[in-house]
Amino acid sequence: MLPVDLPSTVRDALLAPLVDHHCHGVRRDDLSRARFELLINEGGSPAPPGTTHFDTPFGAAVRRWCAPVLDLEPHAPPAVYLSRREELGAAEVNRRLLAGAGVVAFLVDTAPGAEDMEVLTATEMGRHGGAAADELVRIEQIERDVAETAQLAVDYLDALGEELAARAARAVGLKTVIGALCGLDFDPARPSRGSVIAAANRRLSDPKRPLTDEVMLRHLLWSAVDVARERGLPVQFHTGFGGSGLDLHRTDPGRLGEFAGMLQPLGVPLILLHCYPYHRQAAYLAGVYPHVYVDVGLTLPHTAAASARVVDELLELAPFHKQLFGSGCHSVAETGYLGALSFRRALGASLASRLASGEWSPADAARVAHMIGSGNARRVYRL
Amino acid sequence: MLPVDLPSTVRDALLAPLVDHHCHGVRRDDLSRARFELLINEGGSPAPPGTTHFDTPFGAAVRRWCAPVLDLEPHAPPAVYLSRREELGAAEVNRRLLAGAGVVAFLVDTAPGAEDMEVLTATEMGRHGGAAADELVRIEQIERDVAETAQLAVDYLDALGEELAARAARAVGLKTVIGALCGLDFDPARPSRGSVIAAANRRLSDPKRPLTDEVMLRHLLWSAVDVARERGLPVQFHTGFGGSGLDLHRTDPGRLGEFAGMLQPLGVPLILLHCYPYHRQAAYLAGVYPHVYVDVGLTLPHTAAASARVVDELLELAPFHKQLFGSGCHSVAETGYLGALSFRRALGASLASRLASGEWSPADAARVAHMIGSGNARRVYRL
Amino acid sequence: MLPVDLPSTVRDALLAPLVDHHCHGVRRDDLSRARFELLINEGGSPAPPGTTHFDTPFGAAVRRWCAPVLDLEPHAPPAVYLSRREELGAAEVNRRLLAGAGVVAFLVDTAPGAEDMEVLTATEMGRHGGAAADELVRIEQIERDVAETAQLAVDYLDALGEELAARAARAVGLKTVIGALCGLDFDPARPSRGSVIAAANRRLSDPKRPLTDEVMLRHLLWSAVDVARERGLPVQFHTGFGGSGLDLHRTDPGRLGEFAGMLQPLGVPLILLHCYPYHRQAAYLAGVYPHVYVDVGLTLPHTAAASARVVDELLELAPFHKQLFGSGCHSVAETGYLGALSFRRALGASLASRLASGEWSPADAARVAHMIGSGNARRVYRL
């Protein structure tokens, strides 16, 4: 799995248990082919007639790397893979893939929460994966819960602050998807009280819709920053590809530069997730701001065979103490397994190349592998 | 030409005839050195005194790969190459290079059309290349033809719709260069009838200028979408580098995200051409939208020796059933020859790497080579 | 240091003395660890508790490549490196590193000028490095000097033009950091006289602050263009990463497209510095505009072990006669040494790859190495 010529200390460091600092619960139910195909595509539409979402880097990696975990030959055809998946049952598949990821702790974004019975809870993710599990609180999910019950703007705003604080008390970090809802090109300033009350009234007139109002999203974010500051928690930002109908450039994490500058005096860690194809921009922010961290997250399983270049591009500029491993795992346990595998293979290739050219020493390579794989996450999330 | 260690099935798939789904007619006349230099540069200005446009990746590739097609040694000096080109005559050079590309069908953007006698027609491109040839209709060219003859806005708009429909009846696809004229950051909504009539009146007051009015360009585009939907044709978009005085980021295909979302329910394939340096953004759109397709087009001959990385970056995320081969060939037949050569070499390198690391099976590698080289184009264009 | 299989002519061309067309004076004083760490980070903040700015690509390269220049083993620990640095003294360290860079001429941005006694002058940079030295005039520094002494707007504007002309008379080029001050998305047109006078009055009401007013910055830039045109000097633009609190995308050199178009008829060379992560965009501009040049500057020492890919990405599209070597050296002489080393190693790797695949001839490889290393700079700056 790893380059053959790595020193054993480096190999050991790469194979050591990882902290997966950002993932979601995966589906607990058996999945039809149509459902599985929908879940492995970030767009959520079926592939055109005559084609399949297995004909993607992710699909090829599932057939190559996950098939053997299910006792199949590498490169098993999609139908064979899905038939075997059904035969084993979702629980056994999830156990094999999550445990096979070699993760010691999952930090789990639990939105949409208990109402979605089809998705494993954080505790279950840990149990299936033989790992610890902690919770990340998705702030927009809290807002939705509050909006559905509040009647008056002032109550809504009070409840928002209280619920954020209450949920944060049981979590290791907060997470926002503001980039997917209104773009990362939002006005970074804390919104005025007057504008927030007006936005709250607008919100309560239609509380069922996903929140896309920039003023209310900024208020929610700054409220989360207050809570994070008080409790010493980091705030994760979904950035880059995945999960948005907005034009992609509006999710460029480089657009968080001014906001990052405002956060710096507060000492709240700001963590950039996924980032692709703007991971070089994210690496730059992680280099200039002491409180900014970065992963390539879901890019790992989705670029799969080509993830080595993406990981190496992050290594171009990002400090080694600012990079984190996250699989971005969601929907199917294959994402978590391939995320960990791609990470180890990609980082292994980068380290092998630096060792072969004499750029780094084996001791430094092993140390950096440990930092990115788990050490940095333990420090930032105080695990 | 291809990596030496490829299995023969993969090699055969790479060497199989290609469908060049986007090219232009090349010049039929003999070219002076000054003219040739202008034609191989996307900017259209002479190189600074003491320098030459041959000192580019494209120029180096012409000397390396096209020289032997003209019976010269590899790396022939520019003067020797151009002298031999003249000696053979443009017709023979075009025949050798276009036939040497190994293309079974050319889809030809025929703008600016019959008036430019110096450029081969679609039929002639096919005859020189020993291939079939079909037409792509450039919608802004149709608009220009109509604008020059119409007197009244209402007649102009009627004629536009009629001419689009008439021309589309003989074509395999439509093409727009709206990105080069007003940027891809246009308002994606269909413009109102009132705003279109106002824009038509403005247009008729100065019909000789290139159309840059955003409202009229959007009307033209949506009219083309209507025709495409009716006839089951795809719409190609020029994106990324080449052919524009606009700031480059305004040609980022990622800016078509909202427009792509609007097109999805209509089932009209949207094809992103060239894309560089935003091909990762394009790959993402091709992954999330079932009707979006992508090529790197003219990037192939222009990045030449470095095209392997560009092609491999597209393979990071783009589904294999969504990638197309196009040379973007224009002006000189060298672009078509080098486009096909760079494509085969680049894709060959990507496949060889995946096979060597065991990521893909030889059967999958051969299948993907076939899909991108011709199969996808046959499906999308119904060839 | 270079790939082992390079022909000797190519090796010689890579090892030949370089023209470093853009650098700054380095610190002349002995540096504490805290100070050194601050100076090697582009953000200017200490690393978080328990971490170090040595855990970066730059820090690893200092330990690998600069340590032996100070008689230490490669990969020396940071404390050992800094202790040896102090033992030798800043003057000896600067001499060893600057001379070791193998540079024949430094072009030095002398801002903030004589007032900063801690920084080597251009003359001293040359003396320490055993090289010639010439001056680049930072136009925003001139503005600051003038603003602090002028009383009336009209005097201020007159003095600005006079001082620009006077300083340019002793320089080989002008340089602007407008991208870091108001973004490269400024209105490219020359501002009206009326708007400039209004801006001058605003400026004189608070002359101590850094200038961020877009109108005045544009006036300053266009005044510099006038002077550059008269004297045949190029104008350098800081672009991309480094030195700005603005959102990164606003420093994308691709945003200079329209401005570049306006400059073209004037014949003033426009030189894009650093550019990362937008170097592909810069390469495109250098390809289409005959007066646009490009380097990756400070990216070389900062991406260090990974600089080969960055240099190779510039080679994808940028004409060979349009690329320049610059180290972006500042603060510590390590940047200058690593800039030159990374350049030679990176370009060497690109050339070795093209030679191994038969894409280029050895003669062309040697010629291109010479052009980028020094020839192009001699031509553009008339050295």
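Residues numbered from 1 in each chain as written. Chains lettered and ligands numbered in written order. Predicted model: local features only at pLDDT ≥ 70, side-chain atom pairs only at ≥ 80, totals over all residues. Heavy atoms only, no water.

**So, the interface of chain B and chain C**
For clarity, the threshold we go by: Only heavy atoms enter the contact rule, under which two residues are in contact if any of them lie within 4.5 Å. Computed with a 1.4 Å rolling probe, the buried area is the accessible surface lost when two parts are put together, summed over both parts. Salt bridge, as used here: a side-chain nitrogen of Lys or Arg that lies within 4 Å of a carboxyl oxygen of Asp or Glu. Each helix corresponds to a stretch of at least 4 residues labelled H or I by DSSP, and each strand to a stretch of at least 2 residues labelled E; elements are numbered beginning at the N terminus. Here the nonpolar group is Ala, Val, Leu, Ile, Met, Phe, Trp, Tyr, Cys and Pro; Asp, Glu, Lys and Arg are the charged ones; every other residue, Gly included, is treated as polar.
With 38 residues of chain B in contact, the opposing surface of chain C contributes 36 residues. Summed over both partners, the interface of chain B with chain C comes to about 3,000 Å²; 50% of that surface belongs to carbon and sulfur atoms. For the pair chain B and chain C, the number of links is six salt bridges. Note that Arg345(B) and Glu359(C) form a salt bridge whose closest N and O atoms lie 2.8 Å from each other. Elements that contribute at least two residues to the side of chain B that touches chain C include exactly helix 3 (57–66), helix 14 (299–303) and helix 15 (307–314) of chain B. Ranked by residues supplied to the side of chain B that touches chain C, first place goes to helix 3 of chain B with five residues. Partitioning the side of chain B that touches chain C into residue classes produces 15 nonpolar, 15 polar and eight charged.

**Focus: the environment of His24(C)**
Using the following cut-off: What qualifies as a polar contact is a pair of N or O atoms within 3.5 Å, subject to a donor-acceptor requirement within protein and to the restriction that residues adjacent in sequence count only when both atoms come from side chains.
Relative to the helices and strands, His24(C) resides in strand 1 (residues 18–24). Engagement of the side chain of His24(C) in a polar contact is seen with the side chain of Asp109(C), the distance being 3.3 Å.

**Regarding unusual backbone geometry**
Looking along the chain, the bond that leaves Tyr276(A) and enters Pro277(A) is cis, with omega of 0°. Within the fold, Pro277(A) resides in the loop between strand 6 (270–274) and helix 13 (279–288). The backbone phi angle of Asp71(C) is positive, close to 70°, even though this residue is not glycine. You can see Asp71(C) is positioned in the loop between helix 3 (57–69) and helix 4 (78–88). One non-glycine residue, Ala304(C), adopts positive backbone phi at about 50°.

**Regarding the nonpolar core**
Inclusion rule: Nonpolar cores were defined as sets of buried Ala, Val, Leu, Ile, Met, Phe, Trp, Tyr and Cys residues, with membership established by side-chain atoms within 4.5 Å. To sort residues, take the accessible area from a 1.4 Å probe on protein chains only and compare it with the maximum for the residue type: under 20% means buried, over 50% means exposed, and anything in between is partly exposed.
By size, the foremost hydrophobic cluster in this structure holds 381 residues, and its most contacted members are Phe237(A), Phe237(B) and Phe237(C). If near-sequence neighbours (up to four positions away) are discounted, Phe237(B) is found in contact with Thr176(B), Ile178(B), Leu184(B), Phe186(B), Leu221(B), Leu256(B), Phe259(B), Leu270(B), Ile271(B), Leu272(B) and Leu273(B).

**Here's the deal with the domain arrangement of chain A**
Residues and elements named next belong to chain A. As a reminder, the rule being used: Where a domain begins and ends is set by an automatic assignment or by a domain database.
Assigned domains of chain A: these are domain 1 (8–28 + 89–380) and domain 2 (31–88). Taking only C-alpha atoms, the centre of domain 1 and the centre of domain 2 are 26 Å apart. Taken together, the 25 residues of domain 1 in the interface contact 21 residues of domain 2. Carbon and sulfur atoms make up 65% of the area that domain 1 and domain 2 hide from each other, which totals about 1,900 Å². Considering only the side of domain 1, the residues that lose the most area to domain 2 are Arg 96, His 302 and Glu 334, jointly responsible for 28% of the buried surface there. Here domain 1 and domain 2 share two salt bridges between them. Across the pair Glu 334 and Arg 85 runs a salt bridge whose closest N-O atoms are separated by 2.9 Å. Where domain 1 meets domain 2, there are nine residue pairs in polar contact (both at pLDDT 80 or more).

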